[in-house]
Amino acid sequence: MFEDVRRVAAAARGETRRAFIKSFGCQMNVYDSQRMADLAALNGYAEASTAEDADLIVLNTCHIREKASEKIYSELGKLRGLKEDRRKAGRRTTLVVAGCVAQAEGDEILRRQPAVDVVVGPQSYHRLPELLAKAQDRPGVVDTDFPVEDKFSFLPAARNDAIARRGPAAFVTVQEGCDKFCSFCVVPYTRGAEASRPVGAVIDEIARLASAGVREVTLIGQNVNAYHGLDGQGRAFGLADLIRAAAAEPGIRRVRYTTSHPNDMTDDLVAAHGDIEALAPYLHLPVQSGSDRILASMNRRHRVADYLDVVTRARAARPDIAFSSDFIVGYPGVVRAVGYASSYAFKYSARPGTPAAEMGSQIDEAVKIERLAALQALLEDRRQAFNQATVGRRLEVLFEKRGRHVGQVAGRSPYMQPVFAEGPTSLIGAMAEVEIVDVAPNSLRGRVVSPAS
Ligand code: SAM
Ligand code: SF4
């Protein structure tokens, strides 16, 4: 176990050890960070609110773009100083690099920053206790295996107090990895082959979350709609079946899923948007580009028309559905046709080891900046128009926290918009019907019109 002897000795001295886990990148990392926090809690670590207070510091890293990776090294530089200061004060600090940079760079991290004690990839973090124990004697432990065992079955369930602290909306990883190999993307190399969790494990986790007060779950995966789990009787479940089972859990009021690939939007998943009331009318469906030529060179394996067909089918099943997307290179044609509620646009970042990084004719940085600005301006315009169109509508809001002002509470609409309303704090954790009365640059203001439920 996690340095049992040290723990017992520290406990005898009445000291509590603390862990600080900082998450970078996508929702998958947010979820993994929470699971690492649960593992640390089981092993006697309380949550630290700052790195300065922590005996164990974990950076859960993202490798998707160059900027994200480089940020880790500057962060590690600062933590090396902190570790040294704490050492002078007679306190030991263990520094862990987890996540996709750990997977992609392995030993290289120790070479660039020798203050790091442990490097652990996203598929092996359930082994953290033993890796930390090893690092006590010999710092510089690296585990970037893709183990055969299922890490989820080795992770402890979250404690009720941790679930309550994290709020009424929770992520649950149901699928990991990717077999699609888009030419720009590192995910198949860092997260490995596509794999789905068993239905029973996912539903048990959702039931636990619901019994501790969670009202909204987002089923997450790099390619979540490729989900193909088995239930206890060996029956195959697709994502639509899993959503149905999640929505049926007592206490669960809203279900979302992300991120989806257009090619895996099966008929039953599209139909689920019409049949399952708890399924939010909001779909993050990255298109990446609005050009068939670029989509082919990205190895996306669909055309613009196929994507627009998915949008049309989903709108037929659920007329009030809204969409968001990711773009690497944007073409205004698609943006106008769909009318996105919100979107993310990125400059293409060449990732070592991916096919696109080897292609000739890389685009100039100045051109990328110009294209990005033009695309972002258009996407922002669409987002504002979408927000404006909700004024006067009544939307179900899940209230998650206090608002910025006294007497105000804050939550999210089905379309992921932040909503502020006057109301008692007893609304936090509950759904209420809210009439939207005004739009601010990044949020909506509403009036609670129905009692909480
Ligand atoms: N699985 C999702 C899909 O198929 O669209 C995407 C997951 S990826 C972690 C999140 C987003 O990062 C992608 O949708 C893409 O827009 C962006 N991205 C991935 N690789 C990139 C790169 N090399 N440069 C810039 N953006 C990138
Ligand atoms: Fe990356 Fe998504 Fe393409 Fe997989 S489908 S390679 S995760 S962009």
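It should be emphasised that the depicted structure is a prediction, and the values quoted were computed from it without experimental measurement. (Residues numbered from 1 in each chain as written. Chains lettered and ligands numbered in written order. Predicted model: local features only at pLDDT ≥ 70, side-chain atom pairs only at ≥ 80, totals over all residues. Heavy atoms only, no water.)

Caption draft 1: Quick peek at the overall build of the protein. Counting secondary structure elements, the protein contains 16 helices and 21 strands. In summary, the protein has a C-alpha radius of gyration of 23 Å against a globular reference of 22 Å for 453 residues, a match within 12%. With the C-alpha coordinates of the protein rotated into their principal frame, the extents come out at 60 × 60 × 50 Å. Expressed as a percentage of its 453 residues, the buried residues of the protein come to 53%. Contacts spanning at least 24 positions in sequence make up 66% of the contacts within the protein whose residues lie at least 6 apart. Working note: accessible area of the protein is about 20300 Å², and carbon and sulfur atoms make up 53% of it. Across the protein, 59 positive and 56 negative side-chain charges occur, with their mean positions spaced 4 Å apart. (Helix = DSSP H or I, 4+ residues; strand = E, 2+ residues; numbered from the N terminus. Rg over C-alpha atoms; globule rule 2.2 N^0.38 Å. Buried < 20%, exposed > 50% of the residue type's maximum accessible area, 1.4 Å probe, protein only. Contact = heavy atoms within 4.5 Å. Areas by Shrake-Rupley, 256 points an atom, 1.4 Å probe, with all protein chains shown as cover. Lys, Arg positive; Asp, Glu negative; His and termini not counted. Charge placed at Lys NZ, Arg CZ, Asp CG, Glu CD.)

Caption draft 2: Fine view of helix α11 (residues 267-275). Taken together, the buried positions of α11 are occupied by L269, V270, A272 and H273. Take α11 and look down its axis: the buried residues cluster within an arc of 150°, on one side only. Residues of α11 that are exposed and angled more than 90 degrees away from the buried face: D267 and D275. (Arc of directions from axis to C-beta.)

Caption draft 3: Main features of the pairing of strand β20 (residues 431-439). Relative to β20, strand β17 (residues 394-402) runs antiparallel, the two being bridged by five bridges. Looking at β20, one finds that E396 is bridged to E433. Here β20 pairs with strand β21 (residues 444-448) via five bridges, running antiparallel. Across the sheet, V434 pairs through a bridge with V448, a residue of β21. (Pairing = 2+ DSSP bridges.)

Caption draft 4: Fine view of the pattern of salt bridges. With the rule as written, the count across this model stands at 31 salt bridges. With its nearest N and O atoms 3.3 Å apart, the salt bridge here joins D145 to R127. Highlighted residues: D145 in the loop between β6 (141-143) and α7 (160-166) and R127 in the loop between β5 (118-120) and α6 (128-137), separated in sequence by 18 residues. Relative accessible area serves as the criterion here: at 41%, D145 is assigned to the partly exposed category. One salt-bridge network, in which partners are shared between bridges, spans D32, K151, E176 and R191. (Salt bridge = Lys/Arg side-chain N within 4 Å of Asp/Glu carboxyl O.)

Caption draft 5: Seen up close, the site of ligand 1. The environment of ligand 1 is formed by 16 residues, the closest being F184, Q222, Q288, D326 and S349. In the environment of ligand 1, an oxygen atom lies 2.6 Å from a nitrogen or oxygen atom belonging to the side chain of D326. In this structure, a nitrogen atom belonging to ligand 1 sits 2.7 Å away from a main-chain N or O atom of S349. Within the complex, 90% of the 560 Å² of free accessible area of ligand 1 lies under protein. (Near = heavy atom within 4 Å. Polar contact = N/O pair within 3.5 Å; in protein donor to acceptor, adjacent residues only side chain to side chain.)

Caption draft 6: Quick peek at the sheet that holds strand β15 (residues 322-327). The strand order across the open sheet built from three strands is β14-β15-β16, with neighbouring strands paired in parallel fashion. Strands at the two margins of the open sheet, each flanked by one partner only, are β14 (282-284) and β16 (342-345). The mean inter-strand angle of the sheet, taken between neighbouring strand axes irrespective of direction, is 10°. By the bridge criterion, four bridges tie β15 to β16 in an arrangement that is parallel. Residue pairing across strands places S324 opposite S342, the latter belonging to β16. (Axes fitted to C-alpha atoms, helices over the stretch in contact; angles between N-to-C directions.)

Caption draft 7: Here's a closer look at the pairing of β21. As paired elements, strand β19 (residues 418-422) and β21 share three bridges and run parallel to each other. Note on β21: the bridge partner recorded for F420 is R445.

Caption draft 8: Up close: the side chain of R300. Residue position: R300 is located in the loop between α12 (292-297) and α13 (304-317). Residues contacting R300, with those up to four places away along its chain left out, are C182, F184, H261, P262, N263, P286, Q288 and L295.

Caption draft 9: View of the packing of helix α10 (residues 239-247) against α11. Relative orientation of the contacting elements α10 and α11 amounts to 25°, with a least axis distance of 8 Å. Judged by the angle between their axes, α10 and α11 are roughly parallel. For the pair α10 and α11, contact is made by L239, A240, I243 and R244 and by D268, L269, A272 and D275, respectively. Tallied by class, the residues present in the contact of α10 with α11 amount to five nonpolar, no polar and three charged. (Parallel < 35°, antiparallel > 145°, perpendicular 65-115°, else oblique. Nonpolar A, V, L, I, M, F, W, Y, C, P; charged D, E, K, R; others polar.)

Caption draft 10: Examining the sheet that holds strand β4 (residues 94-99) more closely. Reading across from one edge, β2-β1-β3-β4-β5-β6 is the order of the six strands in this open sheet, with parallel pairing throughout. Taken across any chain shown, the strands that pair with only one partner, and hence form the sheet edges, are β2 (45-47) and β6. Averaged over all adjacent pairs, the angle separating strand axes in this sheet is 20°, with direction ignored. Here three bridges tie β4 to β5, and the two strands are oriented parallel to one another. Directly across from V97, in β5, lies its bridge partner V119. The strands touched by helix α2 (residues 27-42) within the sheet are β1 (17-23), β2, β3 (56-61) and β4, with β1 carrying the most contacts at an inclination of about 170°.

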